[in-house]
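If you want the building blocks of each chain, they are given just below.
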Amino acid sequence: MTNSEEAMDITEVVCLESDLQDGQMKEVEVDKHKILLVRSQGQFSAVGSKCSHYGAPLIKGSLLGDKVRCPFHGACFNVKTGDIEEYPGLDCLPAYKVKTEDGKVYVTVNTKATKRVREMSHRAPEVCHTVILIGGGPASLVCAETLRQNGYSGRIIMVTKDDLPPFDKPKLSKAMNVESDRLLLRPKEFFQQYDIELWMKREVISVNTGAKTVTMDDNTEQRYDQLLIATGCRARAMACPGADLENVKLLETYRDAQDIHNMCAGKKVVVVGTSFVGMEVASYLSDKAASVSVIGRSEYPFQLSLGSEIGKMTMEMLKEIGVKFYMNDNVAEIRGKNGKVKEVLLQKGELLEADAVVFGIGVLPNSEFLKGTKIQKDKRNNIIVDKHMRTSVPDVFSAGDVVSFPLGIRGNEQVNIGHWQLAHAHGRIAGLSMVNKPTEVSSVPFFWTVLLGKSIRYTGYGNGYTDILFKGKMEERKFLAFYMKADVMVAAASLNFDPAVASLAEMMATGKVITRAQIESDDLSWLKLP
């Protein structure tokens, strides 16, 4: 070991040059600190070894060119700089100095941090310019950070109905009893440090795009110069008798998750809907409630999105641990006593005992407050944006689950996709547009769901697929599914087949077309699986 001039720098030999071929990566250690070493186009580079999202080991991910993609949730990092280039996650990786000498590879470490926050500016009091971000999700947060990372020194106001700063919403249906501090995407101090005003427990009820003002729920007005609408979606309520009883819940907020956890422990629970949220709630409650019954309108869960084969497999997984399913059915009435749920009557006549009911039957966009504006929406009330996240009104942008945007991998077809990863990406594109650095949204959708600790990963956009090709064995719950439209793959899903979906996402991101002939071949070397 040799020490550089700076006392904190530690340099060690980590391997021989011959240990790593071009296009390969290796996890090495310097001072017991794990580092990802990459050889690309003849050059060595070294970055942090763990994804900044949930800490997944990037050595198990997919390397394509100068990018490594996380095997778990699709975040992508530049292996030269460590910069995050695709989400989820907010932070970059630390990058380390590498040198080669006498056939040996040396790496210098000056920090043991696993994440790196990009340099950000602050508010300058003399700058009279205000950006309002409506919504407290990842789109607003990434937009705010993008503004500060690009030298914006005006006022930033984030308005959210929540009583928490931006938090990790996908966790709510997977770990319903987690403490709120563990959910936060950034600590409260972060917003103070970078002069991002956080207006919690407040709601924008109308927008006047002519006067450039928003009206709050307390009837106060705030002027803006630029506006981001990232209000997301809300859980769809059930329109049936008894839906207003006390122990009937929707999952939207941290408090909802806590309430569902507490009211369902040791009780008979009915989950209505086989959406991703409904199935994750059923999975979470399976070892906590006295019983869990799931009601679905289709033959299998996820039938439209993932297909019958995968839907049937997920249903069997939950059945094996005691969850009961009532498919091709729906709720006719929820009956109660003294204001609380007692039983659920199904349309086919079955009567289920119930102490609690949780709905997971889809979502609706939060865009009603824009009524009377010239902001264009589609027939489903999603806000229409272009590839720069601009709406039909100057200086008004929109991002996240509430938008219909042009999807590059589908020939710029206008789509609405409620993925956590895309909300981050949209926020970045909106922020860059605001500071006159227009960049087109080009993200490939990436999604995951967790049932009984097993993750199904999905990438692409499968709407309108004609058939599914499978590799692996469904009965062993280890498979890779290719969703085909004619002879081209449009999406893929996997279970226990990492990093296949991450690899396919990166291939699609670089414009590669994956054909039926490639998939049907016994040779899958093109996927570069370990």
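Since the structure is predicted, the reported quantities are computational estimates derived from the model, not experimental observations.

Caption draft 1: Fine view of the sheet that holds strand β37 (residues 488-495). Spatial ordering of the open sheet is given by β33-β34-β37-β36-β35, a layout of five strands whose pairing is antiparallel. Of all the strands in the sheet, the pair left with one neighbour each is β33 (446-451) and β35 (467-473). Within this sheet the neighbouring strands show an average axis-to-axis angle of 15°, counted without direction. Relative to β37, strand β36 (residues 478-485) is paired through seven bridges, and the arrangement is antiparallel. Counted as the bridge partner of Phe-479 is Leu-495 from β37.

Caption draft 2: How the structure looks around the pairing of β33. Counting buried positions along β33 yields five of six residues, so the element is predominantly enclosed. Linking β33 to strand β34 (residues 454-460), which pair antiparallel, is a turn of two residues; within it Leu-452 sits at a positive phi near 55°.

Caption draft 3: Seen up close, the confidence of the model for the chain. Averaged over every residue, the pLDDT of the chain is 95; residues scoring 70 or more account for 99%. For the stretch residues 1-7, pLDDT sits under 50, and the model shows eight contacts to residues farther than four places along the chain or on other chains.

Caption draft 4: Just the sheet that holds strand β27 (residues 356-359), in detail. Read across the open sheet, the five strands follow the order β20-β27-β21-β22-β23; overall the sheet is parallel. The strands lining the two open edges of the sheet, one partner per strand, are β20 (248-250) and β23 (324-326). Averaged over neighbouring strand pairs, the angle between their axes works out to 20° when direction is ignored. As paired elements, strand β21 (residues 268-272) and strand β22 (residues 291-295) share five bridges and run parallel to each other. Within the sheet, the bridge partner assigned to Val-270 lies in β22 and is Ser-293. Each of β21, β22, β23 and β27 is contacted by helix α4 (residues 276-285), which is oriented at about 165° to β21, the strand it contacts most.

Caption draft 5: A look at helix α7 (residues 500-509). Judged by how many residues are buried, α7 sits mostly within the fold: nine of ten residues are covered. Residues of α7 that are buried: Ala-500, Val-501, Ala-502, Ser-503, Leu-504, Ala-505, Glu-506, Met-507 and Met-508. Looking one or two places after α7, you find Gly-511, whose phi comes out positive at around 90°.

Caption draft 6: Spatial organisation of the nonpolar core. Ranked by internal contacts, the top residues of the largest apolar core, which has 73 residues, are Ile-134, Val-207, Val-214, Leu-227, Leu-228, Ile-229 and Phe-405. Every residue in contact with Leu-227, bar those within four places of it in the chain, is listed here: Ile-132, Ile-134, Val-207, Val-214, Asp-395, Val-396, Phe-397 and Met-434. Listed in part, the 47 residues of the second largest apolar core include Met-176, Leu-306, Met-315 and Ala-493.

Caption draft 7: Region of the structure containing the environment of Asp-355. With respect to the element layout, Asp-355 can be found in the loop between β26 (351-353) and β27. Considered as a pair, Asp-355 and Arg-223 are 132 residues apart in the sequence and their alpha carbons are 48 Å apart.

Caption draft 8: Highlighting the packing of aromatic side chains. Under the defined criterion, the tally for this structure stands at eight aromatic pairs. Between Phe-190 and Phe-191, the aromatic rings sit 5.9 Å apart at their centres with planes inclined by 85°, giving edge-to-face as the arrangement. For the residue pair Phe-190 and Phe-191, the accessibility class agrees, reading buried in each case. Ring centres 4.6 Å apart and planes at 65° place the aromatic pair Phe-276 and Phe-447 in the edge-to-face group. Taken together, the residues Phe-276 in helix α4 and Phe-447 in strand β33 connect sequence positions 171 residues apart. Relative accessible area serves as the criterion here: at 23%, Phe-276 is assigned to the partly exposed category. A relative accessible area of 17% means that Phe-447 is categorised as buried. Ring pairs connect the aromatic residues Phe-190, Phe-191 and Tyr-194, which therefore count as one cluster. If you follow Lys-99 out to its NZ or CZ, it ends over the ring of Tyr-106, 5.3 Å from the centre.

Caption draft 9: View of unusual backbone geometry. The amide bond that connects Tyr-87 to the next residue, Pro-88, takes the cis arrangement and shows omega of 15°. With an omega dihedral of 0°, the bond running from Asp-498 to Pro-499 counts as a cis peptide bond. Its location among the elements puts Pro-499 in the loop between β37 and α7. Unlike most non-glycine residues, Lys-201 shows phi in positive territory, near 55°. One can find Lys-201 in the loop between β14 (196-199) and β15 (204-208). Lys-201 gets classed as exposed once you look at its relative accessible area, which sits at 61%.

Caption draft 10: Structural context of the side chain of His-388. As for its position among the elements, His-388 is in the loop between β29 (383-384) and β30 (396-398). In this structure His-388 comes out as buried when scored by relative accessible area, which is 14%. At 3.3 Å, the side chain of His-388 forms a polar contact with the backbone oxygen of Thr-439. Setting aside anything within four residues of it in sequence, one finds His-388 in contact with Phe-397, Ile-429, Ala-430, Ser-433, Pro-438, Thr-439 and Glu-440.

Caption draft 11: Region of the structure containing the side chain of Arg-516. On the secondary structure map, Arg-516 appears in helix α8 (residues 516-520). Within the structure, Arg-516 has its side chain in polar contact with the backbone oxygen of Ala-486 (distance 2.5 Å). Each residue touching Arg-516, except ones within four places of it in the same chain, is listed here: Asp-467, Leu-469, Met-484, Ala-486 and Asp-487.

Caption draft 12: Inspection of the state of the cysteines at higher detail. For the structure on display, the rule yields zero disulfides. No disulfide involves Cys-51; its nearest neighbouring cysteine sulfur is the one of Cys-70, lying 3.9 Å away. Cys-143 provides the cysteine sulfur closest to Cys-233, a residue in no disulfide bond, and the two sulfurs are 18 Å apart.

Procedures and definitions
- Residues numbered from 1 in each chain as written.
- Predicted model: local features only at pLDDT ≥ 70, side-chain atom pairs only at ≥ 80, totals over all residues.
- Heavy atoms only, no water.
- Pairing = 2+ DSSP bridges.
- Helix = DSSP H or I, 4+ residues; strand = E, 2+ residues; numbered from the N terminus.
- Axes fitted to C-alpha atoms, helices over the stretch in contact; angles between N-to-C directions.
- Buried < 20%, exposed > 50% of the residue type's maximum accessible area, 1.4 Å probe, protein only.
- pLDDT = per-residue confidence, 0-100.
- Contact = heavy atoms within 4.5 Å.
- Core = buried A, V, L, I, M, F, W, Y, C linked by side-chain atoms within 4.5 Å.
- Phe/Tyr/Trp six-rings, centres within 6.5 Å; stacked < 30°, edge-to-face > 60°.
- Lys NZ or Arg CZ within 6 Å of the ring centre and 35° of its normal.
- Polar contact = N/O pair within 3.5 Å; in protein donor to acceptor, adjacent residues only side chain to side chain.
- Disulfide = S-S within 2.5 Å.

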